[in-house]
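An overview of the molecular structure
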Number of protein chains: 2
Amino acid sequence: MTMGVRHDDLRKRNRAMVIAAVRREGQPSRTDLVNRTGLSHSTISAISSDLIAEGVLRQVKGTGNDIVRRGRPQVSLGLEPRAGTVLTVVLLLNTLSATVIDYSGRTIAERRERLSTLTISRDELVDAVCAMVEGVLSDSGHEAGDVMRMTMAVQGITDSDARALLWTPITPHSGIAFADLLENRFGFPVTVQNDCNMIALALRARDPERYRDNFVTILLSNGIGMGLVLRGELFTGAYSSGGEFGHMIHRPHGALCRCGRHGCIEAYAGNYAILRASEGYSDQSEPDADVDQDTMLRLAGDARRQDGPARDAFTRAGEALGYGLGSLFALIDPAPVAVVGPGTLAFDIIEPAIRKAIAQTAGGQHDAVISFDLQTDEMPLILEGCARKALEAVDTELFAPGYINAMQAAAG
Amino acid sequence: MTMGVRHDDLRKRNRAMVIAAVRREGQPSRTDLVNRTGLSHSTISAISSDLIAEGVLRQVKGTGNDIVRRGRPQVSLGLEPRAGTVLTVVLLLNTLSATVIDYSGRTIAERRERLSTLTISRDELVDAVCAMVEGVLSDSGHEAGDVMRMTMAVQGITDSDARALLWTPITPHSGIAFADLLENRFGFPVTVQNDCNMIALALRARDPERYRDNFVTILLSNGIGMGLVLRGELFTGAYSSGGEFGHMIHRPHGALCRCGRHGCIEAYAGNYAILRASEGYSDQSEPDADVDQDTMLRLAGDARRQDGPARDAFTRAGEALGYGLGSLFALIDPAPVAVVGPGTLAFDIIEPAIRKAIAQTAGGQHDAVISFDLQTDEMPLILEGCARKALEAVDTELFAPGYINAMQAAAG
DNA sequence: CTCTTTTTTTCGAGCCTCGAAAAAAATAAT
DNA sequence: ATTATTTTTTTCGAGGCTCGAAAAAAAGAG
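Here is what the cut-offs are and how they apply
- Residues numbered from 1 in each chain as written.
- Chains lettered and ligands numbered in written order.
- Predicted model: local features only at pLDDT ≥ 70, side-chain atom pairs only at ≥ 80, totals over all residues.
- Heavy atoms only, no water.
- Helix = DSSP H or I, 4+ residues; strand = E, 2+ residues; numbered from the N terminus.
- Expected span 1.5 Å × (residues − 1).
- Buried < 20%, exposed > 50% of the residue type's maximum accessible area, 1.4 Å probe, protein only.
- Near = heavy atom within 4 Å.
- Polar contact = N/O pair within 3.5 Å; in protein donor to acceptor, adjacent residues only side chain to side chain.
- Contact = heavy atoms within 4.5 Å.
- Buried area = accessible area lost by both parts, 1.4 Å probe.
- Salt bridge = Lys/Arg side-chain N within 4 Å of Asp/Glu carboxyl O.
- Nonpolar A, V, L, I, M, F, W, Y, C, P; charged D, E, K, R; others polar.
- Domains from an automatic or database assignment.
- Pairing = 2+ DSSP bridges.
- Right-handed = clockwise from strand over helix to strand, strands pointing away.
- Least-squares fit on C-alpha atoms with pLDDT ≥ 70 in both.
- Patch = residues over 30% accessible without salt bridge, like charges linked within 9 Å, V, L, I, M, F, W, Y side chains within 5 Å.
- Areas by Shrake-Rupley, 256 points an atom, 1.4 Å probe, with all protein chains shown as cover.
- Lys, Arg positive; Asp, Glu negative; His and termini not counted.
- Charge placed at Lys NZ, Arg CZ, Asp CG, Glu CD.
- Axes fitted to C-alpha atoms, helices over the stretch in contact; angles between N-to-C directions.
- Parallel < 35°, antiparallel > 145°, perpendicular 65-115°, else oblique.
- Left-handed = near helix turned anticlockwise from the far one by under 90°.
- pLDDT = per-residue confidence, 0-100.
- Core = buried A, V, L, I, M, F, W, Y, C linked by side-chain atoms within 4.5 Å.
- Phe/Tyr/Trp six-rings, centres within 6.5 Å; stacked < 30°, edge-to-face > 60°.
- Lys NZ or Arg CZ within 6 Å of the ring centre and 35° of its normal.

Given 3.6 residues to a turn, an α-helix orients residues that are three or four positions apart in the same direction. All names here are of chain A. An ideal rise of 1.5 Å per residue puts 24 Å on 17 residues; helix H1 (residues 9-25) measures up with 24 Å between its terminal C-alpha atoms. Of all 17 residues in H1, 12 are buried; the element is thus mostly enclosed. For H1, every residue scored as buried is listed here: Asp9, Leu10, Arg13, Asn14, Arg15, Ala16, Met17, Val18, Ile19, Ala21, Val22 and Arg23. Positive phi shows up at glycine 26, right after H1, with a value of about 95°.

What follows deals with the protein's contact with DNA strand D. As a matter of local geometry, DNA strand D sits amid 27 residues, with Ser42 of chain A together with Thr31, Gly71, Gln74 and Val75 of chain B nearest to it. The protein-proximal atoms of DNA strand D, defined as those within 4 Å of the protein, are 67% sugar or phosphate. Threonine 43 of chain A places a polar side-chain atom, nitrogen or oxygen, 2.8 Å from a phosphate oxygen of DNA strand D. One nitrogen or oxygen atom from the side chain of threonine 31 of chain B is found 2.7 Å from a phosphate oxygen belonging to DNA strand D.

In this assembly, 61 residues from chain B lie in contact with 61 residues from chain A. Approximately 5,200 Å² of surface area, both sides summed, lies buried where chain B meets chain A, with 55% of it carried by carbon and sulfur atoms. Where chain B touches chain A, the interface holds 2 salt bridges. For the salt bridge of glutamate 233 of chain B with arginine 231 of chain A, the shortest nitrogen-to-oxygen distance reads 3.3 Å. Taken together, chain B and chain A are joined by 16 residue pairs in polar contact (both at pLDDT 80 or more). Elements with a minimum of two residues in the side of chain B that touches chain A: helix H1 (9-25), helix H2 (30-37), strand S11 (224-230), strand S12 (233-234), helix H10 (309-332) and helix H13 (403-411) of chain B. Considering each element in turn, the side of chain B that touches chain A owes the most residues, 7 residues, to H10 of chain B. Its residues assigned to classes, the side of chain B that touches chain A shows 29 nonpolar, 20 polar and 12 charged.

All names here are of chain A. Along its sequence, chain A is organised into domain 1 (9-79), domain 2 (83-198 + 380-398) and domain 3 (222-377). The gap between the C-alpha centroids of domain 1 and domain 2 is 31 Å. On the side of domain 2, 7 residues touch domain 1, which itself brings 6 residues to the contact. Each partner contributes to the roughly 630 Å² buried at the junction of domain 1 and domain 2, and carbon and sulfur atoms together form 54% of this total. On the surface where domain 1 and domain 2 come into contact, there are 1 salt bridge. Here aspartate 395 and arginine 23 are joined by a salt bridge, their closest N and O atoms 2.7 Å apart. At 3 residues, H1 tops the list of elements feeding residues into the side of domain 1 that touches domain 2.

Attention now goes to the pairing of strand S13 (residues 337-340) of chain A. Residue and element names in this part refer to chain A. Of the two faces of S13, both are covered, the one formed by Val337 and Val339 as well as the one formed by Ala338 and Val340. Pairing between strand S10 (residues 215-220) and S13: 4 bridges, direction parallel. Bridging across to S13, valine 216 finds its partner in valine 337. By the bridge criterion, 4 bridges tie S13 to strand S14 (residues 372-375) in an arrangement that is parallel. Considered in S14, the bridge of valine 339 is made with leucine 374. Crossover S13 to S14 through helix H11 (residues 347-359) is right-handed.

Right, let's get into the relation of the copies chain B and chain A. Of the two same-sequence chains, chain B is brought onto chain A (RMSD 0.0 Å, axial shift 0.0 Å) by a rotation of 180°. Both chain copies can therefore be described as sitting about a two-fold axis. When you check the interface residues of chain B against chain A, 100% turn up at the interface there too, and the contact is symmetric in its surfaces.

Here we come to a negative patch on the surface. A surface patch of like charges, here negative, comprises Glu286, Asp288, Asp290, Asp292 and Asp294 of chain A. Along the chain, glutamate 286 of chain A turns up in the loop between helix H8 (271-278) and helix H9 (293-305).

In sheet architecture, strand pairing relies on hydrogen bonds along the backbone and comes in two forms, parallel and antiparallel. Residue and element names in this part refer to chain B. One open sheet holds the 5 strands; their spatial order is S5-S4-S3-S6-S9, and the pairing between them is mixed. Two strands bound the open sheet, and with one partner strand each, they are strand S5 (107-114) and strand S9 (190-194). Ignoring which end each strand starts from, the neighbouring axes of this sheet average 15° apart. Strand direction decides the pairing type here: strand S6 (residues 147-154) and S9, joined by 5 bridges, are parallel. For methionine 150, the partnering residue across the bridge sits in S9 and is valine 190. Its contacts with the sheet put helix H4 (residues 122-140) on strand S3 (85-92), strand S4 (95-102), S5 and S6, and the angle it makes with S5 is roughly 145°.

With that settled, the discussion passes to the packing of helix H4 (residues 122-140) of chain A against helix H5 (residues 178-186) of chain A. Packed helices, taken two at a time, are described by the angle between their axes plus the distance between the axes. Residue and element names in this part refer to chain A. Contact geometry for H4 and H5: axes closest at 11 Å, N-to-C directions at 45°. Here H5 runs oblique to H4, going by the angle between their axes. Of the two elements, H4 crosses H5, and the hand of that crossing is right-handed. Contact with H4, carried on its side by Leu125, Val126, Val129, Cys130, Val133 and Glu134, involves Phe178, Leu181, Leu182, Arg185 and Phe186 of H5 and no other residues of that element.

In this model, chain A carries a mean pLDDT of 92, and residues with pLDDT of at least 70 account for 95%. Ignoring residues within four places in sequence, the model shows residues 403-412 of chain A, a span with pLDDT below 50, making 21 contacts including any to other chains.

Moving on, we get to the protein's contact with DNA strand C. Taken together, 27 residues are adjacent to DNA strand C, and Thr31, Gln74 and Val75 of chain A together with His7 and Ser42 of chain B come closest. The sugar and phosphate moieties of DNA strand C supply 69% of its atoms located within 4 Å of the protein. For DNA strand C, a phosphate oxygen lies 3.3 Å from a polar atom in the side chain of arginine 69 of chain A. Contacts to DNA strand C include glycine 71 of chain A, whose backbone N or O atom sits 3.4 Å from a base oxygen. A per-class count over the surface near DNA strand C returns 5 nonpolar, 13 polar and 9 charged.

Looking now at the nonpolar core. Val216, Phe245 and Phe314 of chain A together with Val216, Phe245 and Phe314 of chain B are the most contacted members of the largest nonpolar core, which has 106 residues in total. In this structure phenylalanine 314 of chain B touches Ile274, Met296, Leu299, Ala300, Ala303, Ala346, Ile349 and Ile350 of chain B, once residues within four positions along its chain are discounted.

Attention now moves to unusual backbone geometry. Residues and elements named next belong to chain A. At arginine 231, a residue that is not glycine, the phi angle is positive and equals roughly 55°. Its relative accessible area of 43% is what places arginine 231 among the partly exposed residues. At aspartate 333, a position not held by glycine, the phi torsion is positive, near 75°. Locating aspartate 333 in the fold gives a position in the loop between helix H10 (309-332) and S13. Aspartate 333 sits in the buried class, given a relative accessible area of 5%.

Of note, threonine 396 of chain A is situated in helix H12 (residues 379-399). Within the structure, threonine 396 of chain A has its side chain in polar contact with the backbone oxygen of alanine 393 of chain A (distance 3.3 Å).

Another aspect to go through is the packing of H1 of chain A against helix H3 (residues 41-53) of chain A. All names here are of chain A. It is at 10 Å that the axes of H1 and H3 come closest, and there the two elements cross at 75°. It follows from the interaxial angle that H1 and H3 lie roughly perpendicular. Contacts between H1 and H3 involve Arg11, Asn14, Arg15, Val18 and Ile19 from the first element and Ile44, Ala46, Ile47, Asp50 and Leu51 from the second. Tallied by class, residues from the contact of H1 with H3 come to 6 nonpolar, 1 polar and 3 charged.

Now for the packing of aromatic side chains. Taken as a whole and judged by the stated rule, the model has 6 aromatic pairs over all chains. On the numbers, 5.5 Å between centres and 0° between planes, the contact of phenylalanine 186 of chain A with phenylalanine 188 of chain A is stacked. Each member of the pair, phenylalanine 186 of chain A as well as phenylalanine 188 of chain A, is classed as buried. The ring of tyrosine 103 of chain B has arginine 23 of chain B sitting right over it, with the charged end atom 4.8 Å from the ring centre.

Set out below in structure tokens:
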């Protein structure tokens, strides 16, 4: 369990740190790396020349951002694009997309298609993903053998080993072992990740100032998703991807949720919940599997225009989200919240109710810390987070093996 | 932020690991340590002889548990009791206790006194703690200068730096900077910890099989407390000790809680809530600051004997706890639960309601994983956890400095 | 063309861990 | 009583890693 630290773990750890620093910083010089990592010039020099020799890093000249000044000019280091290729697949409601990305993070090829995820069979779904992978691979001019890793983001609950989709609202099928299926088919390692978690990774990469140690991302769509970063690390459950914020209970025995239970936050704040409340249906009526954007915009318009069932529905949605966030903050303390997805288009209507509800909870005392940052379009964030996840896995596993062990040893 | 690993951090890390292994195992031989840590015989030999020379460890002969067999007999290593002294103080409602403990974990002196925490002034409270420390120190024959560290456990919310008591139900005063006050007075470093977190540490030490990576401890008393261990580490909030399970919202706009808000879990499951519901008072009536054990036993007896307000009250308490646990499990996945405190005496009445409620939530699907383990007397657990916290801090900070840095580097 | 400044590499010193071999300390066998 | 065997622990040399200091490299300034 608790393992000692071998001598050569040191080098692996420091190699991993250098690669990670280059990925974060973009094109740092060796001196930048010295400052960033706290290692000595000698060590940085040794490690970076090793990595260049191995084809992981490369020297970049004329980056433009080099300040002209006295002294030997800094040489920027960058990731060698040809060091490897990764694949990402994003599977959402009625949408499937795949991307081939080089080691430096640049997109080489990309495909997207519509797909009736709700109605197709399990096998058709798996076949569609496989066909998508093959298609985008051929677009990119690569073969499966070139791919070092694939990360798949899905809407729904994945297992904690990131190998299977346990449950999802986008298809009635459950327990789809995508990692096994795809690994057998293509041969490269595959992980399956929750979409909101990928959004969280993307936000951290985009704005490390704001999103670093502790933050929450909430996805407002037909369902309610959450990604949670605590102590700088993505939080996942013991058995599943966890973070099922949408299915915390807002009102015992309350409104019918898409998951079949009653009173979940989602059963008040999901698009289908807002729709059925606005239209005057019972909160026990069957949830819609999808509500199109136009409908939601119309309801939001109604809510803004006049007091009535639509405004009440959005207010109740905000209340559910607010009490949920309040309970979450009772556990983890308040943190910045990024609100992502189509629901942000009506966030002006929801936010007052959210804040009012939070004020009634243990989180209320920290009103100032709680800020909402809106990002309407979630797709680019999912793609970006997914790519980062895959690339960072390659960074450590392939180019600094043993890093994982050293980490565990430190934590143990 | 992310720091490289220096060469000598290695030794510090491995020293810390050896000390920690000795503390966990009791009296391991060098060979046991080799197996436990994965380090080589040479390294273990070098580190342990260093530690013996420094007076941190000592060789123990004739431990009795040595199996008689062929070959050179193993020599057990133990913690040198004289290597240091730590102090623990536990401050609960109307109770103050202090203990002096040697480095091996044996209690040298112990004092306990009743104290009307609800009514005394802020200064009197601080003075009482100081007097207690001085008293128990003189009992132990030590001086303040001998003490390497003190850990104080309090009922209530502490700040995340473990230096102040932010809020507590045991006194109307808030924001008491115990760590600063005591450090200025006595000179040794002090941390202030939440009582439930200390219970969690004690349980992990007592039964590492059951309580290791993920588990929950719930304290049922006049208030509801929680200690949460996730990924093997005590979970604390970003600003406070966090884990305010008792103040997650069970019913928006619901029963009046001791914290002044409405609908908290505690406002249904705390002793005062069970009392006022059993006696037919409004759930908006002022909470009692303390309910004595006899009253609770009487109510529990009523509840067992016949259907009526008492039974309803316990059922509602269980429901609140169950929905709360369900929401918690939606976030973190189900985990074993240890239920501690006087509330366990009525747990037979509450448990069915808890399980029924959990079954309605996202945690319900994992019914088998959720098991309740009862410990009625919380005081010994708090003491034990507190002592462990102090001793482990001494282990790393004093005898393996730099370990912390290496950990952070690994995590970063 | 030389001086100054800044970045990067080189080199030797000092630690640390490891494996192999030796030493130590007991029991079992002769 | 002495030798063989077994197991634990220590010793010792090899190999690696990081570090600081010094050297080398590569530019602008004068």
